[in-house]
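Residue-level structure breakdown
Listed here are the chains, written in short residue letters.
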Amino acid sequence: MTVSFPTAHFIANRPTLRASRARLSDVLNHPAFSAERRQKAEQLMMSTSDAQQVCQWARLALEESERWEDAVLAGEESQAGPPAYPAYPY
């Protein structure tokens, strides 16, 4: 499952530092990131004043969270036994 980061808005309008930091903070709340990594990332994020860089980090973090989700789903699908949810005949 791939979810694309909405970059069109940021390309047309240069992102503000506040908006970029908010987006990165939202992405870091994903379970793919440990509390320790989240804290280190937030410290790094607060030490920079380049909105484009923070936006780039948010994009990379989103891609990493997507890979994590894909790996978790692949692991669940490879487990033996019945599916977690039945296939409903709609």
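Description of the structure in this document. Residue positions are given per chain, counted from 1 along the sequence in the order it is written. Under the rules for a predicted model, residues below a pLDDT of 70 receive no local features and side-chain atom pairs below 80 are neither given nor counted, while totals for whole chains, interfaces and linings still include all residues. With hydrogens and water stripped out, all remaining heavy atoms of the structure feed into the side-chain values.

1. Observations regarding the packing of helix H2 (residues 17-28) against helix H3 (residues 35-47)
- Interaxial angles span 0 to 180 degrees and are taken between N-to-C directions of axes, which are lines fitted to C-alpha atoms, for helices over the stretch in contact. The helix count covers DSSP runs of H or I at least four residues long, the strand count covers runs of E at least two residues long, and both are numbered beginning at the N terminus. Look at H2 against H3: their axes get within 11 Å of each other, and the N-to-C directions meet at 175°. Judged by the inter-axis angle, H2 sits roughly antiparallel to H3. Residues Arg21, Leu24, Ser25 and Leu28 of H2 touch H3, and the partners they reach there are Arg38, Ala41, Glu42, Met45 and Met46.
- Looking at side-chain class alone, the contact of H2 with H3 contains 5 nonpolar, 1 polar and 3 charged residues. Orientation is classified from the angle alone, with under 35 degrees giving roughly parallel, over 145 giving roughly antiparallel, 65 to 115 giving roughly perpendicular, and any other angle giving oblique. In what follows, a contact means two residues having at least one pair of non-hydrogen atoms within 4.5 Å. Throughout this entry, Asp, Glu, Lys and Arg are counted as charged residues, while Ala, Val, Leu, Ile, Met, Phe, Trp, Tyr, Cys and Pro are counted as nonpolar. The remaining residues, Gly among them, count as polar.

2. Observations concerning the pattern of salt bridges
- In the sections that follow, a salt bridge refers to a side-chain nitrogen of Lys or Arg positioned within 4 Å of a carboxyl oxygen of Asp or Glu. Using the criterion set out here, one finds 3 salt bridges in the structure.
- A salt bridge links Arg37 to Glu64; the shortest N-O distance between them is 2.6 Å. Here the residue Arg37 occupies a position in helix H3, and Glu64 occupies one in helix H4 (residues 51-78), the gap between them amounting to 27 residues.
- The closest approach of N and O atoms between Arg59 and Glu63, which form a salt bridge, is 2.4 Å.

3. A word on the nonpolar core
- The biggest cluster of nonpolar side chains holds 10 residues, and these are Leu24, Val27, Leu28, Ala32, Phe33, Met45, Val54, Ala58, Ala61 and Leu62.
- Broken down by element, this core gets its largest block of residues, 4 residues, from H4.
- Dropping the residues within four chain positions of it, Met45 is found in contact with Arg21, Leu24, Ser25, Val54 and Trp57. We define the nonpolar core as a collection of buried residues of types Ala, Val, Leu, Ile, Met, Phe, Trp, Tyr and Cys that are connected through side-chain atoms lying within 4.5 Å of one another. Working definition: with a 1.4 Å probe on protein chains only, accessible area under 20% of the residue-type maximum means buried, over 50% means exposed, and in between means partly exposed.

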